[in-house]
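# Understanding the architecture of this molecule
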Amino acid sequence: MVTTGFSLPYVAKYSNSSATVTYTGGMPLGRGVSLSIEVEGADDNNFFADNVLAETENSVFTSGTATITIDGLENSAATLIFGLPAPDTITPTGGESAEMQGYGDDMNPPYVGFGCVWMSQMNGVTTWRPVVLTKIKFGLPSQEMNTKEDQIDWQTQELEATILRDDTAKHRWKYVAAEGMASEEAAFAVVKKMLGGN
């Protein structure tokens, strides 16, 4: 199975009560450019007897990092994932008012769920799989801007998030469809359903 695409990144606010996890306020994060997931695990636990490896316990997921590149981050999505306060209204004398979004001590980044659609091809058949990271927290993004030249230099937004286990009894950290689906729309509907949508 060869990966041929990544699309429709989606986020929703995470909350839990005991072992019950819920998601609210789901929205698109931006248009998907790329996704990279790096996983960290505890070392294998090996037991030796009679001078040979007799038993082993495989490593388990401890944490991970998701690097999500999108076309650009709308303020509504930034407000959700970074826990931004209400914007300040700035009105220059005789000028047009602007809603200025503040980044400072009153930010409160929440845990969120993240989902997307993974497109792949096998034996000439294209399928789409919903992927959900159950509990992540975004770090503050860097930003780069270049002056406009003869041709547009397309500049994307790279976001990094820490991946954690959720608070369910099985402490899930990721879901991936066992089988590919027939359309991107069908896969995205599963993502939205898992993250609290219809």
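Notes on the structure in this doc start here. Starting afresh in each chain, residues are numbered from 1 along the sequence in its written order. Only residues with pLDDT of at least 70 are given local features in this predicted model, and only at 80 or more are side-chain atom pairs given and counted; all residues enter the totals for whole chains, interfaces and linings. As a convention, hydrogens and water are excluded, and side-chain values are obtained from all of the structure's heavy atoms.

The numbering of helices and of strands both runs from the N terminus, where a helix is a DSSP run of H or I of at least 4 residues and a strand a run of E of at least 2. Scanning the protein chain from N- to C-terminus turns up two helices and 12 strands. Starting at the N terminus and ending at the C terminus, the protein chain contains elements arranged as β-β-β-β-β-β-α-β-β-β-β-β-β-α. Only C-alpha atoms enter the radius of gyration, while the globule expectation follows 2.2 Å times N to the 0.38, with N the number of residues. In terms of C-alpha radius of gyration, the protein chain reaches 21 Å, well past the compact-globule figure of 16 Å for 198 residues. In terms of overall dimensions, the protein chain has a C-alpha envelope of 85 × 45 × 40 Å along the principal axes. Accessibility here uses a 1.4 Å probe with only protein chains present; expressed as a share of the type maximum, an area under 20% marks a residue as buried, one over 50% as exposed, and anything in between as partly exposed. Going through the 198 residues of the protein chain one by one, you find that 29% of them count as buried. Residues count as neighbours in contact if any of their non-hydrogen atoms are within 4.5 Å of one another. For the protein chain, contacts bridging at least 24 residues in sequence account for 66% of all contacts bridging at least 6. Surface exposure here means Shrake-Rupley accessible area, sampled with a 1.4 Å probe, where a residue is shielded only by the protein chains that are shown. Accessible surface, the protein chain: about 12,600 Å² in total, of which carbon and sulfur atoms supply 49%. A residue counts as positive if it is Lys or Arg and as negative if it is Asp or Glu; His and the chain ends are not included. In plain terms, the charge of a residue is placed at NZ if it is Lys, CZ if Arg, CG if Asp and CD if Glu. Here the protein chain holds 12 positive side-chain charges and 25 negative ones, and the gap between their average locations is 11 Å.

Burial in helix H2 (residues 184–194) covers these residues: Ala187, Phe188 and Val191. What you see down the axis of H2 is that its buried residues fit within an arc of 95°, all on one side. Relative to its buried face, H2 has exposed residues pointing more than 90 degrees away, namely Glu185 and Lys193. On its buried face, H2 sits against strand E1 (2–17), strand E9 (112–122) and strand E10 (125–138). At the C-terminal side of H2, Gly196 shows a positive phi close to 90°. Of all possible arcs, the one meant is that of the directions from the helix axis to the C-beta atoms.

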